[in-house]
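Structural overview
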Amino acid sequence: SPLVIQIPASLVVTAAAFRKFMLKNRLDEVVEGLLVGVNVRRIEELQQPAAQIQEVIRSSYLPDEVYHRILEGCLEMGYGATVVWPVTMPSELFHYSGERQRSPCLEAVGPEEIMDAIRSWWASLFESTAILYRELNGQSHRDARITLAAQRTPDTGSTESV
């Protein structure tokens, strides 16, 4: 295998894009509504509302400005295999999410799959364990943030070994 691989183009989706997504889709209200009456300190009770919140986030539209900026970044990167991963790992995911510790990046090919991966990372902020963590630490769900990077994976087959 090669000793050095040049890192291909990438883009960063900021926490501000996540907040714009949440605000435009009124998802903060959805989160609060689905958690009403749930004992958020009991992980068993969080399973169903957390899954509903995640599904709503994964299926919500990106605001035009966010969509077009990501699309522009994808076009500049070029098409091909891409990984999407958090640049900053929120503490609620780092400490509690076994799934994200096992799979720290999501693979995608093309703009739509990249946008789906971005929404999946955003949805991960509302895994039941992440909700529990914020509740135990007195943090608001509206304050959840994540910054993501999408990066083309290198084509190691075309690089010569030194």
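As shown above, the structure is provided for reference.
This report concerns the structure included in the present document. (Residues numbered from 1 in each chain as written. Predicted model: local features only at pLDDT ≥ 70, side-chain atom pairs only at ≥ 80, totals over all residues. Heavy atoms only, no water.)

1. With respect to the side chain of T82
To keep it simple, the criterion reads: The secondary structure listing takes helices from DSSP runs of H or I that are at least 4 residues long and strands from runs of E that are at least 2 residues long, numbered from the N terminus. Residue burial is assigned from relative accessible area. The probe radius is 1.4 Å, only protein chains are included, and a residue is buried under 20% of its type maximum, exposed over 50%, and partly exposed in between. By the criterion applied in these results, polar contacts are pairs of N or O atoms within 3.5 Å in which, for protein atoms, one can donate a hydrogen and the other can accept it, and in which residues neighboring in sequence qualify only through two side-chain atoms. What makes two residues a contact is simply this: any of their non-hydrogen atoms within 4.5 Å.
In this structure, T82 sits in strand β2 (residues 81–88). T82 sits in the buried class, given a relative accessible area of 1%. Reaching out from T82, the side chain makes a polar contact with the backbone oxygen of G80 at a distance of 3.1 Å. Contact partners of T82, with chain neighbours within four places excluded, come to M77, L106, E107, A108, I114, A150, Q151, R152 and T153.

2. A look at the layout of surface pockets
Operational definition: Of the grid points, spaced at 1 Å and generated over the protein atoms alone, those admitting a 1.4 Å probe that cannot get out make up cavities, while open sets with protein on both sides within 12 Å along at least five of seven lines make up pockets; any residue with an atom within 4 Å of a point is treated as lining. Grid points are joined across faces, edges and corners, and a volume is the space filled by probe spheres set on the points. Three categories are distinguished: nonpolar for Ala, Val, Leu, Ile, Met, Phe, Trp, Tyr, Cys and Pro, charged for Asp, Glu, Lys and Arg, and polar for the others, with Gly belonging to the last.
Estimated volume of the largest pocket: approximately 210 Å³. Taken together, L11, V12, V13, T14, A16, A17, K20, E65, V66, R69 and I70 form the lining of the largest pocket. Of all the secondary-structure elements, those providing two or more residues to the lining of the largest pocket are β1 (10–13), α1 (15–24) and α4 (64–77). Looking at the lining of the largest pocket, the element that brings in the most residues is α4, giving 4 residues. Considered class by class, the residues forming the lining of the largest pocket number 7 nonpolar, 1 polar and 3 charged.

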